[in-house]
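A look at the structure
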Amino acid sequence: MYVKREDWIPGNFKNVPDTGRSTQNDIVQHGWTPITTTTSVLGVVFESGVALAADTLTSYGSMACFQNNPRILTVNQNIIVAAAGEYSDYQFIRDIVEEKVRTEKSLNDGISMKPKALHTWLSRVLYNRRTKMKPLWSTFLVAGIQNDVPFLGEIDKLGTAFVDDQIANGYGAYLALPLMRKAIDEKREKFNSKLTKDEAVDLLKKCMEVLYYRDARSHDKYQIGIVTKDSVEIQNLVLKPNWEVAKLVQGYE
């Protein structure tokens, strides 16, 4: 005899964290727009790994409020995650991912989470929240190494997921992504190869500088996370801007 489950919802095919039961007054308890936000996050695949970049500024509306909030998370020796959007939603995802890692370690079976698995699981978590009309107002980039092959994927607040060799969101999708695509295409056309680690890091530094000049919500302090099959590294960097370029900007007199 078939029994219909009353608690089943679309997208609930995987184990996702409990978000609590809905209440009569829930509509006034949950925010409909992000409040404390972060800006662009960038990711690029190079020949032996993946690099992510994100600044450390969190804005309260239009006010640059918190200037030391990192948003690149080391999950394990194979995965790093970066987020853009509502910072509290990133903190929620960070906590449940860390809990998932601790649960897997407690099994003591020698198997660690893979980037494709985390990418799929996060897409289900975000889609699950979307179907409950309680979306997490954040976009996540998952970078890692699986079977010695670099992996880079994105999941947005609707649970939409995709994989690419270069990804940027926010203003980075308009300002940084063309620079990243140009560098990757030139390397492929001239040398028929991918970027090296140093070239990928230099490319991200250039993109973060461009965003600092053009994006009012960006910051001069930022991080670059690098994951290869041998190590995970997080670099804390500070821009040295050259405001002589302001003389080249016209049309705002």
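Up top you'll find the structure we're talking about.
Residues numbered from 1 in each chain as written. Predicted model: local features only at pLDDT ≥ 70, side-chain atom pairs only at ≥ 80, totals over all residues. Heavy atoms only, no water.

Taking 1.5 Å of rise per residue, the 18 residues of helix H5 (residues 197-214) would be expected to cover 26 Å, and the 26 Å separating its terminal C-alpha atoms lies within 8% of that figure. At its buried positions, H5 is contacted by strand E2 (41-46), strand E3 (49-55), helix H3 (172-175), helix H4 (177-191), strand E12 (221-228) and strand E13 (232-238). (Helix = DSSP H or I, 4+ residues; strand = E, 2+ residues; numbered from the N terminus. Expected span 1.5 Å × (residues − 1). Contact = heavy atoms within 4.5 Å.)

Before going further, it helps to examine the pairing of E2. Buried residues dominate E2, accounting for six of its six residues. Burial along E2 is two-sided: the face carrying Val-41, Gly-43 and Val-45 and the face carrying Leu-42, Val-44 and Phe-46 are both buried. Two elements, E2 and E3, share six bridges in a ladder whose sense is antiparallel. Bridging across to E3, Val-45 finds its partner in Val-50. Counting the residues that bridge the hairpin from E2 to E3 gives two residues. (Buried < 20%, exposed > 50% of the residue type's maximum accessible area, 1.4 Å probe, protein only. Pairing = 2+ DSSP bridges.)

Okay, helix H1 (residues 87-107) next. When the terminal C-alpha atoms of H1 are compared, their 31 Å separation across 21 residues agrees well with the 30 Å that a helix rising 1.5 Å per residue should span. Within the sequence span of H1, burial applies to Tyr-87, Asp-89, Tyr-90, Ile-93, Ile-96, Val-97 and Val-101. Looking at the buried side of H1, the elements it contacts are strand E1 (36-37), strand E4 (58-60), strand E6 (72-76), strand E7 (79-85), helix H2 (115-131) and strand E8 (138-146). Phi for Asn-108, located one or two positions after H1, is positive at around 55°.

On to the environment of Lys-114, then. Within the secondary structure, Lys-114 sits in the loop between H1 and H2. Judged by relative accessible area, Lys-114 falls into the partly exposed class, the value being 31%. Sequence-wise, Lys-114 and Val-75 are 39 residues apart; in three dimensions their C-alpha atoms are separated by 9.9 Å. With residues up to four places along the chain from it excluded, the contact list for Lys-114 reads Ile-79 and Gln-146. Polar side-chain contacts of Lys-114 include one of 3.2 Å to the backbone oxygen of Ser-112. (Polar contact = N/O pair within 3.5 Å; in protein donor to acceptor, adjacent residues only side chain to side chain.)

The subject of this paragraph is the packing of H1 against H2. Viewed as axis vectors pointing N to C, H1 and H2 meet at an angle of 135°, and their least axial separation amounts to 12 Å. The pairing of H1 with H2 is recorded here as oblique in orientation. For the pair H1 and H2, the sense of crossing is right-handed. Facing Phe-92, Ile-93, Ile-96, Val-97 and Lys-100 of H1, the residues of H2 in contact are Leu-118, Trp-121, Leu-122, Val-125, Leu-126 and Arg-129. Counted by class, the contact of H1 with H2 contains nine nonpolar, no polar and two charged residues. (Axes fitted to C-alpha atoms, helices over the stretch in contact; angles between N-to-C directions. Parallel < 35°, antiparallel > 145°, perpendicular 65-115°, else oblique. Left-handed = near helix turned anticlockwise from the far one by under 90°. Nonpolar A, V, L, I, M, F, W, Y, C, P; charged D, E, K, R; others polar.)

A word on the sheet that holds E13. Taken together, five strands build an open sheet; the order of strands is E11-E2-E3-E12-E13 and the sheet is antiparallel. Since the sheet does not close on itself, it has two edges, and those belong to strand E11 (166-168) and E13, each with one partner. For this sheet the average axis-to-axis angle between neighbouring strands, irrespective of direction, equals 15°. The pairing of E12 with E13 spans seven bridges and is antiparallel. By the bridge assignment, Gln-223 is partnered in E13 with Asn-236. On the sheet, H4 packs against E2 and E11 and is oriented at approximately 170° with respect to E11. Sheet strands in contact with H5 are E2, E3, E12 and E13, and its direction is about 160° off that of E2.

Moving on to a nonpolar patch on the surface. A cluster of nonpolar residues, Ile-35, Tyr-60 and Met-63, forms a patch on the protein surface that exposes about 310 Å² of accessible area. Looking at the secondary structure, you find Met-63 in strand E5 (residues 63-66). (Patch = residues over 30% accessible without salt bridge, like charges linked within 9 Å, V, L, I, M, F, W, Y side chains within 5 Å. Areas by Shrake-Rupley, 256 points an atom, 1.4 Å probe, with all protein chains shown as cover. Salt bridge = Lys/Arg side-chain N within 4 Å of Asp/Glu carboxyl O.)

A separate point is the packing of aromatic side chains. Across all of its chains, the model carries two aromatic pairs by this definition. Where Tyr-87 meets Tyr-90, the ring centres are 5.4 Å apart and the plane angle is 50°; that geometry is what we call tilted. Here Tyr-90 and Tyr-87 lie together in helix H1, a separation of three residues that amounts to about one turn. Residues Tyr-87 and Tyr-90 agree in their burial class; the two are buried. (Phe/Tyr/Trp six-rings, centres within 6.5 Å; stacked < 30°, edge-to-face > 60°.)

Below, the discussion takes up the sheet that holds E7. An order of E6-E7-E8-E9-E10 is seen for the five strands of this open sheet, with the pairing classed as antiparallel. Where the open sheet ends on each side, the last strands, each with one partner, are E6 and strand E10 (161-163). Across the sheet, the mean angle separating the axes of adjacent strands is 20° when strand polarity is ignored. Across seven bridges, the pairing between E8 and strand E9 (residues 149-155) is antiparallel. Bridge assignment links Gln-146 to a residue of E9, and that residue is Val-149.

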